[in-house]
Amino acid sequence: MSDFGYYLYGFFKEGEKPLSLFIGMDGINQLEVVSLDDSTSLSCVVSKVPLDEFGEGKLQENLQDIKWLEKYVRAYDEITHKLFSQTTFIPIRFGTIYLTKERVKEGIKVYKDQVLQLVETLNGKIELGVKFYIDRKKLQDKLLTIDSGVQDLHIKIQGESPGKAHFLKKKLETLSDEKVETWISDVSQLLTESLKGISSNIQLLNLQPKEGANKMFLNIACLLSSSKLEWFKEMVKNLISQEKLDCIECEITGPWPPYSFVKLENQELGKESSHA
């Protein structure tokens with residue numbers, strides 16, 4: 001068995017840009033183009049990588065090494081961004097390795113119809129990350145002015161004995177937490193539907209930790225035309241302003257290649273796969 005494999009970045013159609021644009025770019029290692037050599041002109045971009053780092057067992061071990069991961073994920077991100085800026089590039093999730101070029105070509109054949117559909121769907125599109133954070137203390141204070149149940153209990157505490165006031169404060173904390181969760185749920189639905197209305201497509205993503213008082217409560221990837229970038233940002237700003245969501249912080253990241261909207265199903269195995 002060879003000591004090297006092929007790291008797959010993603011797919012593109014050769015007719016969209018000259019192949020020379022890709023030659024000489026350095027990703028994890030120097031890039032190579034592998035073509036299917038049929039009427040579809042479908043190709044993929046790979047780097048030759050050592051299996052003592054990227055082989056099946058070693059790769060899983062290295063994915064737990066933060067320094068190793070940062071180094072190679074950074075290289076992967078840089079090259080996918082460069083390729084994405086040159087053509088309609090369909091990125092594949094980090095860590096997709098083939099043992100030989102023949103296996104790479106087999107992979108292209110497996111995904112050919114799906115990739116061609118994605119090339120059409122994602123042409124001219126970008127991905128933006130839209131993250132919403134809640135200032136929980138600010139929201140709890142806001143509930144004292146807008147929620148009658150919280151208001152009444154807060155007022156009642158003022159005239160009670162220390163012992164009973166302590167009990168009612170615990171009750172108020174529980175009620176306040178319940179109201180906050182209900183409010184977050186309602187606002188999440190409102191924001192999700194609103195973003196769906198101004199995007200070509202959306203994907204709900206996992207929440208991410210953040211240092212500080214504000215906690216993320218909604219993380220959405222939005223797909224839209226690159227020409228609508230500034231319009232989209234203004235629409236989100238207006239949305240928060242109109243709904244008077246003053247206890248919410250919004251962060252928009254990107255534009256990115258449309259990572260969240262590339263889901264390939266391995267038709268031979270009948271299940272989603274990003275490794276071969």
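Residues numbered from 1 in each chain as written. Predicted model: local features only at pLDDT ≥ 70, side-chain atom pairs only at ≥ 80, totals over all residues. Heavy atoms only, no water.

### A few points about the overall build of the chain
Along the chain, the regular secondary structure elements total 8 helices and 11 strands. By residue count, 43% of the 276 residues in the chain fall in the buried class. Long-range contacts, defined here as pairs at least 24 residues apart, represent 74% of the contacts in the chain between residues at least 6 apart. (Helix = DSSP H or I, 4+ residues; strand = E, 2+ residues; numbered from the N terminus. Buried < 20%, exposed > 50% of the residue type's maximum accessible area, 1.4 Å probe, protein only. Contact = heavy atoms within 4.5 Å.)

### Some points on the confidence of the model for the chain
Model confidence for the chain is summarised by a mean pLDDT of 80, while 77% of its residues fall at 70 or above. Looking at the elements of the chain, mean pLDDT is at its lowest for strand β11 (residues 271–272), recorded as 36, and at its highest for strand β7 (residues 201–204), recorded as 95. Overall, residues 267–276 carries pLDDT values under 50, and its contacts beyond four positions in sequence, including any with other chains, amount to 22 contacts. (pLDDT = per-residue confidence, 0-100.)

### Here's the deal with the environment of S47
Looking at the secondary structure, you find S47 in strand β3 (residues 42–50). C-alpha of S47 to C-alpha of G5: the two residues are 42 residues apart in sequence and 8.3 Å apart in space. Side-chain polar atoms of S47 contact the side chain of Y9, separated by 2.8 Å. (Polar contact = N/O pair within 3.5 Å; in protein donor to acceptor, adjacent residues only side chain to side chain.)

### What about helix α4 (residues 101–122)?
At 3.6 residues per turn, the α-helix brings residues three or four places apart onto the same side. Its 22 residues place the ends of α4 only 26 Å apart at the C-alpha level, less than the 32 Å of an ideal helix rising 1.5 Å per residue. For α4, the principal kink sits at K112 and spans about 65°. By the burial criterion, the buried members of α4 are V104, G107, I108, V110, Y111, Q114, V115, L118, V119 and L122. Just beyond α4, the residue with positive phi is G124, at close to 80°. (Expected span 1.5 Å × (residues − 1). Bend = angle between axes of the 7 residues up to and from the residue.)

### A few points about the sheet that holds β7
Paired through their backbone hydrogen bonds, the strands of a sheet run either parallel or antiparallel. Strand order in the open sheet made by the 4 strands is β7-β8-β6-β9, with antiparallel pairing throughout. Edge strands, defined here as strands with exactly one partner in the open sheet, are β7 and β9 (248–256). On average, adjacent strands in this sheet sit at an angle of 20° to one another, irrespective of strand direction. Where β7 lies against strand β8 (residues 215–225), 4 bridges are found, and the strand directions are antiparallel. Bridging from a neighbouring strand, N201 pairs with L223 of β8. (Pairing = 2+ DSSP bridges. Axes fitted to C-alpha atoms, helices over the stretch in contact; angles between N-to-C directions.)

### Observations concerning the side chain of E127
Among the structural elements, E127 can be located in strand β6 (residues 125–134). K131 is the oppositely charged side chain nearest to the buried, salt-bridge-free E127, at an N-O distance of 7.9 Å. At a separation of 3.0 Å, a polar atom in the side chain of E127 contacts the main-chain amide nitrogen of Y259. A distance of 2.8 Å separates a polar atom in the side chain of E127 from a polar atom in the side chain of S260. For E127, the contacting residues outside a window of four places in its chain are A221, C222, T253, G254, P255, W256, P257, P258, Y259, S260 and F261. (Lys, Arg positive; Asp, Glu negative; His and termini not counted. Salt bridge = Lys/Arg side-chain N within 4 Å of Asp/Glu carboxyl O.)

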